[in-house]
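# Residue-level structural notes
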Amino acid sequence: SKVKSLEELGISSTILKKLQEMGITTVEALAAANAQELSQNLAIPLQTVQRLISQARNALGLGLKTALEIKKERMSLPKITTGSKNLDTLLGGGIEVKTITELFGEFGSGKTQICHQLAVNVQLPPEKGGLSKRAIYIDTEGTFRWERIEAMARAIGMNPDEAMENILYVRAVNSDHQMAIAEELKEIIPKENIGLVVVDSITGHFRAEYPGRENLAVRQQKLNRHLHQLMSIAELFDVAVVVTNQVMARPDVFYGDPTVAIGGHVLYHAPGIRVQLKKSRGNRRIARVVDAPHLPESEAVFAITEAGIRD
Ligand code: ADP
Ligand code: MG
């Protein structure tokens, strides 16, 4: 029989309480904890802490899974349709929960339009490509338009007012505010039946507040902390997190390694899916998945229409 709670490990109630204050409430969390940090925070000897952690690890076993189990877990993760079959196929079915998806590309490449579409589509029932859930839209640039939500909802036969009621909007005025909002998400998500968190854009405030090369280290450090907040939210609450990142157009490197050439990928050091968007003729856009080992290196063409994202 598997040990399921910290209480069952026989940890004293004083230490239990301290662990809880640190946010360590499960055997898994204790097994993954850093011994040095715990020792300092709990003010108990390192040896004692190491014993606690190995107790937790033993209780969990090695955690071996078969490849088939991993496949089943992965395949059963729900996805949100983008509205374009081409784009969905490129993404392996749509935008995944428990994952951060970064949409990056030049101005006008369709990042914000896709975010609007996903905020509508997440509300669809699973058989139609949604999660029957609501969206949180963190807008840092003031480019959110309820008119687009209304039009996109109407186009798929959804009641526009209901669709708008199911999108919780917040304008982040600076990077500190943006991070404070991300912190609050832990309280909001479980209460409000949220399936999607949008941050449009994730980088804007950070770039403006920490400009240039000389601030690069601080900026990246802060951004990493922000990403970490978002990653744990995605993992903990089974939500999809979609972030946008505006980068300069560099058509010359579209087929090379854009990671190095464009610079400023937010997800460079974080797991997740990076989708590069590029303008094409008229309302056509080209999407490419960058650096995802499980997805084929290919492109998808989609269109931005009055009705929303389409093939
Ligand atoms: P980004 O966020 O990447 O800068 P957007 O997502 O805002 O770009 O995309 C802007 C483009 O979306 C516009 O150039 C326009 O072609 C298209 N677009 C915006 N609104 C509409 C609409 N109502 N009908 C058709 N196309 C639209
Ligand atoms: Mg935009």
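Remember, predicted model here, so these are calculated numbers, not experimental data.

Cut-offs applied
- Here, residues in each chain are numbered from 1, in the same order as that chain's written sequence.
- Key to labels: chains lettered from A, ligands numbered from 1, both in the order written.
- Only residues with pLDDT of 70 or above have their local features reported here, since the model is predicted, and side-chain atom pairs are shown and tallied only from 80 upward, although totals for entire chains, interfaces and linings are computed over all residues.
- Values reported for side chains reflect all heavy atoms of the structure, with hydrogen atoms and water molecules removed beforehand.
- Helix numbers and strand numbers start at the N terminus; a helix is a DSSP run of H or I with at least 4 residues, a strand a run of E with at least 2.
- For a helix, the expected span equals 1.5 Å multiplied by the residue count minus one.
- For every residue, the accessible area (1.4 Å probe, protein chains only) is compared with the maximum for its type, and the residue is labelled buried under 20%, exposed over 50%, or partly exposed between those bounds.
- The directions considered for the arc are those from the helix axis to the C-beta atoms.
- Residues are treated as being in contact if the distance between any of their heavy atoms lies within 4.5 Å.
- A residue's bend is given by the angle between axes fitted to the 7 residues ending at it and the 7 residues starting at it.
- Throughout this description, a polar contact denotes any pair of N or O atoms lying within 3.5 Å of each other; where both atoms belong to protein, one of them has to be capable of donating a hydrogen while the other can accept it, and for residues adjacent in sequence the pair is counted only when both atoms sit in side chains.
- Only one rule defines a salt bridge in this text: a Lys or Arg side-chain nitrogen within 4 Å of an Asp or Glu carboxyl oxygen.

## As for helix 12 (residues 216-237)
Here helix 12 contains 22 residues, and its C-alpha end-to-end distance of 31 Å stays within 8% of the 32 Å for a straight helix at 1.5 Å per residue. Burial in helix 12 covers these residues: Arg219, Lys222, Leu223, His226, Leu227, Gln229, Leu230, Ile233 and Ala234. Buried residues of helix 12, seen end-on, are gathered within an arc of 150° and therefore sit on one face of the element. The exposed set on the far side of helix 12, more than 90 degrees from its buried face, consists of Ala217, Gln221, Arg225, His228 and Leu236. If you follow the buried residues of helix 12, they end up packed against strand 3 (100-105), helix 10 (175-192), strand 6 (194-200), helix 11 (204-209) and strand 7 (240-246).

## Brief notes about helix 10
Over its 18 residues, helix 10 runs 24 Å from end to end, which matches the ideal 26 Å to within 8%, given 1.5 Å per residue. If you look at helix 10, its biggest bend is around 45°, right at Leu185. All of the buried residues along helix 10 are Ser175, Gln178, Met179, Ile181, Ala182, Leu185 and Ile189. In this structure, the buried residues of helix 10 make contact with strand 4 (134-139), strand 5 (167-171), strand 6, helix 11 and helix 12. Among the residues of helix 10, the N-terminal cap falls to Asn174, whose side-chain oxygen and the backbone nitrogen of Asp176 are separated by 3.2 Å. Positive phi appears at Asn193, one or two residues downstream of helix 10, with a value of about 55°.

## With respect to the pattern of salt bridges
In total, this model carries nine salt bridges according to the counting rule given. Lys17 is the salt-bridge partner of Glu21, the closest N and O atoms lying 3.9 Å from each other. Highlighted residues: Glu21 and Lys17, both in helix 1 (residues 13-21), separated by four residues, approximately one helical turn. Glu21 gets classed as exposed once you look at its relative accessible area, which sits at 63%. On the basis of relative accessibility, which here comes to 53%, the residue Lys17 falls in the exposed class. Here Lys65 and Glu73 are joined by a salt bridge, their closest N and O atoms 3.2 Å apart. Lys65 gets classed as partly exposed once you look at its relative accessible area, which sits at 47%. Because the salt bridges share partners, they merge into one network encompassing Arg74, Lys79 and Glu96.

Read these as spatial facts, not as claims about activity.
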